[in-house]
Amino acid sequence: MGFIPELIKTVIEEGKPTVLAQIIHVEGSAYRKEGAWMFFFQDKTSIGLLSGGCLENDIHCRAETMFGTGKTAIYEYDLRAEDDIGWGRGIGCQGVITVMLRDVDRLLLRLLRFMHRQLEEGVPVRFIQSMKDHTSMICYSADKQYGTLKDAPIADGKIRPYERSAGKIHIKDESYYQQWIWPSPVLHLFGAGPDARPLVKMASEVGYKVHLYDWRPAYCTKEHFPTAASFSVNNMEHLMKETVFRQLDSVIIKTHDFQIDQMLLKHLRNFELLYVGLLGSKKRAEKLLLNEQFDQLRTPIGLPIGAEGAEEIAVSIIAEMIAVRRGAEIWPSLVSI
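All of these numbers come straight from a predicted model, not from anything done at the bench.

Student: What exactly am I supposed to notice about the overall build of the chain here?
Tutor: Broken down by element type, the chain carries eight helices and 18 strands. By the compact-globule yardstick of 20 Å for 337 residues, the chain fits well, its C-alpha radius of gyration being 22 Å. One finds the centroid of the 40 positive side-chain charges in the chain at a distance of 3 Å from the centroid of its 43 negative side-chain charges.

Structure representation (structure tokens):
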């Protein structure tokens, strides 16, 4: 488990003394980049990951001195050594990683709760914190904010969905660390046939909250889809109209029913979504769309890797959704912040 919304939720639910570790700067190459989080608990457990395993033990030892102190500390790890003595372990990541440790005191815990509420509503938040003064930090979304930092720079205009924005900034000649934190990605999957099972499993494993919709109660069950976040069984037209779509959501249509697919496509054209994919050939899609434009639609769905069978097709679809979310190709939309 390494997605920040999940980490925050766990820390809030556990309620144990905790230290937050964040990668705040990377020079050269590294396993994780700026913005990676990890939490260490006083009972010697931890969640998240900052490296491939070479730094965690040392960071954990340093974290043990910080529980309940309300302090902040910054450490630099040079992984460029090519011998077996340094952190490089014999040609390691070849980078320099700066890690900030911060005791999760009452103020930070309140900010984490604020983040959790916003992220659960599908709203991204920006977190700004002083690198010296542990009492100076703020967290804000499009219309809400919480914290003690005054004169924080408020973003305006547009930001790319799931943009990796993290690093140092300066406010009145003081160094701060800022980061955009995005909600867990959401996938609405219409069609719960047997071929959807590996797709739901893989999507859940890479962090998607999968909401499943079907008109067949025998198909759309926890038994067949143990990792799905929710199950909706009803007339598909009713389900479609009752579903709330957000701008950061992804949608996949794989009902294998021509009329249902056509109805879904007609409805989805009214929304701006992060990703819309349709199972089937381009010729079938053209018939479904009745020569009408749907520029956001991706069909045939998935990256062209020559996939065969439900498992390989699921891999190609997940890869395409990640590519879109991570900005590996032209973004279909912008999110107002």
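Having seen the structure, we can now continue with the description.
Student: Would you mind going over helix α1 (residues 4-14) with me for this structure?
Tutor: Since there are 3.6 residues in each turn of an α-helix, residues three or four apart along the chain are aligned in direction. All buried positions along α1 are accounted for by I4, P5, L7, I8, T10 and V11. Remark: G15 follows α1 within two positions and exhibits a positive phi of approximately 65 degrees.

Student: Which parts of the structure should I look at to understand the pattern of salt bridges?
Tutor: If you walk through the whole model with that rule in mind, you get 11 salt bridges. With a shortest N-O distance of 3.0 Å, K44 and E64 are connected by a salt bridge. One end of the pair, K44, is in the loop between β2 (37-41) and β3 (46-48); the other, E64, is in the loop between α2 (56-63) and β4 (72-78), and 20 residues separate them in sequence. Overall, the relative accessible area of 39% leaves E64 in the partly exposed class. R62 is paired through a salt bridge with D58; the nearest N and O atoms lie 2.8 Å apart. Of the two residues, R62 and D58 both sit in helix α2, four residues apart, roughly one turn of that helix.

Student: Where do I start with the environment of S130 in this structure?
Tutor: When you line up the elements, S130 lands in strand β6 (residues 125-130). You can call S130 buried: its relative accessible area is 0%. With residues up to four places along the chain from it excluded, the contact list for S130 reads R102, S136, E174, S175 and Y176.

Student: Honestly, the packing of aromatic side chains in this entry has me stumped. Any pointers?
Tutor: Geometry of an aromatic ring pair is reported as the spacing of the ring centres plus the angle between the planes. All told, the structure shown has nine aromatic pairs when counted by the stated rule. Consider the rings of W180 and W182, whose centres lie 6.4 Å apart with planes at 35 degrees: the pair is tilted. For the pair W180 and W182, a shared accessibility class is recorded, and that class is buried. Relative to F245, the ring of F190 has its centre 6.4 Å away and its plane inclined at 45 degrees; by these criteria the two rings are tilted. Here F245 lies in the loop between α5 (236-242) and β15 (250-253) and F190 lies in strand β12 (residues 186-190), a separation of 55 residues in the sequence.

Student: Hey, could you run me through the pairing of strand β1 (residues 18-28) in this one?
Tutor: Within a regular beta strand, the side chains point alternately toward one face of the sheet and then the other, so they alternate between its two faces. Taking burial as the measure, the 11 residues of β1 include eight buried ones, the bulk of the element. In terms of strand pairing, β1 meets β2 through five bridges, oriented antiparallel. When the bridges of β2 are listed, L20 appears paired with F39. The pairing of β1 with strand β5 (residues 95-103) spans nine bridges and is antiparallel. Bridging from a neighbouring strand, E27 pairs with V96 of β5.

Student: How should I be thinking about unusual backbone geometry in this particular structure?
Tutor: Leave glycine aside and you will find that most residues have negative phi; peptide bonds, for their part, are mostly trans. Cis peptide bonds are those with omega within 30 degrees of zero, and the linkage from T299 to P300 qualifies with -5 degrees. With respect to the helices and strands, the residue P300 is situated in the loop between β17 (297-298) and α8 (309-326). For H256, which is not glycine, the phi torsion reads 65 degrees and is therefore positive. Tracing the chain through its elements places H256 in the loop between β15 and α6 (258-268). A relative accessible area of 55% places H256 in the exposed class.

Student: Honestly, the sheet that holds strand β11 (residues 174-181) in this entry has me stumped. Any pointers?
Tutor: Picture the strands of a sheet paired through backbone hydrogen bonds; they go either parallel or antiparallel. Pairing is antiparallel across the open sheet formed by five strands, whose spatial order is β8-β7-β6-β11-β10. Edge positions in the sheet fall to β8 (145-147) and β10 (166-171), since each has one partner strand and no second. Averaged over all pairs of adjacent strands, the angle between their axes in this sheet comes to 20 degrees, without regard to strand direction. Where strand β7 (residues 137-140) meets β8, three bridges bridge the pair, whose relative direction is antiparallel. Opposite C139, over in β8, you have Y146 as the bridge partner.

Student: Would you mind showing me how to read the environment of K283 here?
Tutor: Checked against the element boundaries, K283 lands in helix α7 (residues 282-289). In this structure K283 comes out as exposed when scored by relative accessible area, which is 59%. Each C-alpha atom, one on K283 and one on T299, is 9.7 Å from the other, the two residues being 16 residues apart in sequence.

Student: How should I be thinking about the nonpolar core in this particular structure?
Tutor: Counting residues in each nonpolar core, the largest one holds 27 residues, and the members touching the most others are L189 and I252. No other element matches the five residues that α8 contributes to this core. Those residues within four positions of L189 in sequence are excluded, and the remaining contacts are A196, L199, V200, V210, H211, L212, Y213, I252 and K254. One finds I8, L119, M137 and C139 within the second-largest nonpolar core, a separate group that totals 22 residues.

Criteria and cut-off values
- For every chain, the first residue of the written sequence is number 1, and numbering continues from 1 along that sequence.
- Given that this is a predicted model, residues contribute local features only at a pLDDT of at least 70 and side-chain atom pairs are listed and counted only at 80 or more, while totals for whole chains, interfaces and linings are drawn from all residues.
- The basis for every side-chain value is the complete set of heavy atoms in the structure, and neither hydrogens nor water enter the calculation.
- Numbering of helices and strands starts at the N terminus; helices are DSSP runs of H or I of at least 4 residues and strands are runs of E of at least 2.
- For the radius of gyration, the atoms used are the C-alpha atoms, and the globule rule reads 2.2 Å times the number of residues raised to 0.38.
- Under the convention used here, Asp and Glu are negative, Lys and Arg are positive, and both His and the chain ends fall outside the count.
- For this purpose, a charge sits on NZ of Lys, CZ of Arg, CG of Asp or CD of Glu.
- Whether a residue is buried, partly exposed or exposed follows from its accessible area with a 1.4 Å probe, protein chains only, as a fraction of its type maximum: under 20%, in between, or over 50%, in that order.
- Note on definitions: salt bridges are taken to be side-chain nitrogens of Lys or Arg within 4 Å of carboxyl oxygens of Asp or Glu.
- Note on contacts: a residue pair is in contact if any heavy atoms of the two residues lie within 4.5 Å.
- When the centres of two rings from Phe, Tyr and Trp lie within 6.5 Å, Trp using its six-membered ring, the rings pair. Their planes under 30 degrees apart give stacked, over 60 give edge-to-face, and anything left gives tilted.
- Here the rule is simple: two strands pair whenever DSSP picks up at least two bridges between them.
- Axis geometry follows a simple rule: fit a line to the C-alpha atoms, using only the stretch in contact for helices, then measure angles between N-to-C directions, giving values from 0 to 180 degrees.
- Throughout this description, the term nonpolar core refers to a set of buried Ala, Val, Leu, Ile, Met, Phe, Trp, Tyr and Cys residues connected via side-chain atoms within 4.5 Å.

This is a description of form; function is not addressed.
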